[in-house]
Amino acid sequence: SQQGEEDPQALSIQEGENATMNCSYKTSINNLQWYRQNSGRGLVHLILIRSNEREKHSGRLRVTLDTSKKSSSLLITASRAADTASYFCATQGGSEKLVFGKGTKLTVNP
Amino acid sequence: NAGVTQTPKFQVLKTGQSMTLQCAQDMNHEYMSWYRQDPGMGLRLIHYSVGAGITDQGEVPNGYNVSRSTTEDFPLRLLSAAPSQTSVYFCASIEVLGGETQYFGPGTRLLVL
């Protein structure tokens, strides 16, 4: 039962540019999380935003949440080659377990 | 702190063989999960546990067993391996306070021939 769906599936940008990834979901949520996965590694938690929050920042990361549109975006500013990874959104609603999307593959070219 | 550790890193099995994927965490989390990751499919929940002695099925439990005898360990058993179980398996330890933030292990790559 896939909940979050990331868009685009793949994104290629130049170092220094901003990268924006979007996540849409279908049902009400308690929180939405973003994770990063470097090639061949486990996922790493980036940020959690609760349903009553609209925006959160962490370093070069900015996450927004629009519950009326059931969507979230992850913005990475001033991207670096080291940001090359897959980014997943995950949603949690009610007593449901966390459900992950299929991810956006970001490539940052030096 | 080691966080979440998984062994082995790689494994090749023949169809019908059984094996256990090990997972251990040292963060004293009550909740733990097992996922499989297949190309283009994202992560799918296999089994999870909310504490020692308590486990439940996730989205794709068939062919897998789990047990949770201690807070630290959450092994995943493949009873009779099938080629469809070729995948990358991730264990996660979950911090529940404020939302279920998951801490993932490095994964086990499994190939079933």
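Residues numbered from 1 in each chain as written. Chains lettered and ligands numbered in written order. Predicted model: local features only at pLDDT ≥ 70, side-chain atom pairs only at ≥ 80, totals over all residues. Heavy atoms only, no water.

Engineer: Kindly report on the overall build of chain A, identifying the contributing residues and their values.
Structural biologist: Looking only at helices and strands, chain A features zero helices and 11 strands. Ordered by position in the sequence, the α and β elements of chain A form the string β-β-β-β-β-β-β-β-β-β-β. The C-alpha radius of gyration of chain A comes to 13 Å, within 12% of the 13 Å expected for a compact globule of 110 residues. Considering only C-alpha atoms, chain A reaches an extent of 40 × 25 × 20 Å along its principal axes. Expressed as a percentage of its 110 residues, the buried residues of chain A come to 45%. Carbon and sulfur atoms make up 44% of the accessible area of chain A, which totals about 5,400 Å². (Helix = DSSP H or I, 4+ residues; strand = E, 2+ residues; numbered from the N terminus. Rg over C-alpha atoms; globule rule 2.2 N^0.38 Å. Buried < 20%, exposed > 50% of the residue type's maximum accessible area, 1.4 Å probe, protein only. Areas by Shrake-Rupley, 256 points an atom, 1.4 Å probe, with all protein chains shown as cover.)

Engineer: Break down the environment of G40 of chain B for me, with residues and values.
Structural biologist: All names here are of chain B. As for its placement among the helices and strands, G40 is situated in the loop between β4 (31-38) and β5 (42-51). For G40, a relative accessible area of 57% gives the class exposed. For the pair formed by G40 and G3, sequence separation is 37 residues and the distance between their alpha carbons is 27 Å.

Engineer: Can you break down the sheet that holds strand β3 (residues 19-25) of chain B residue by residue, with the values?
Structural biologist: All names here are of chain B. With antiparallel pairing, the four strands of this open sheet are ordered in space as β1-β3-β8-β7. Because the sheet does not close on itself, it has two edges, and the strands there are β1 (4-7) and β7 (64-66). Between one strand and the next, the sheet's axes are offset by a mean angle of 20°, whatever the strand orientation. Of the pairings in the sheet, the one linking β3 to strand β8 (residues 76-78) comprises three bridges and is antiparallel in character. In the sheet register, T20 faces β8, and the bridge partner there is R77. (Pairing = 2+ DSSP bridges. Axes fitted to C-alpha atoms, helices over the stretch in contact; angles between N-to-C directions.)

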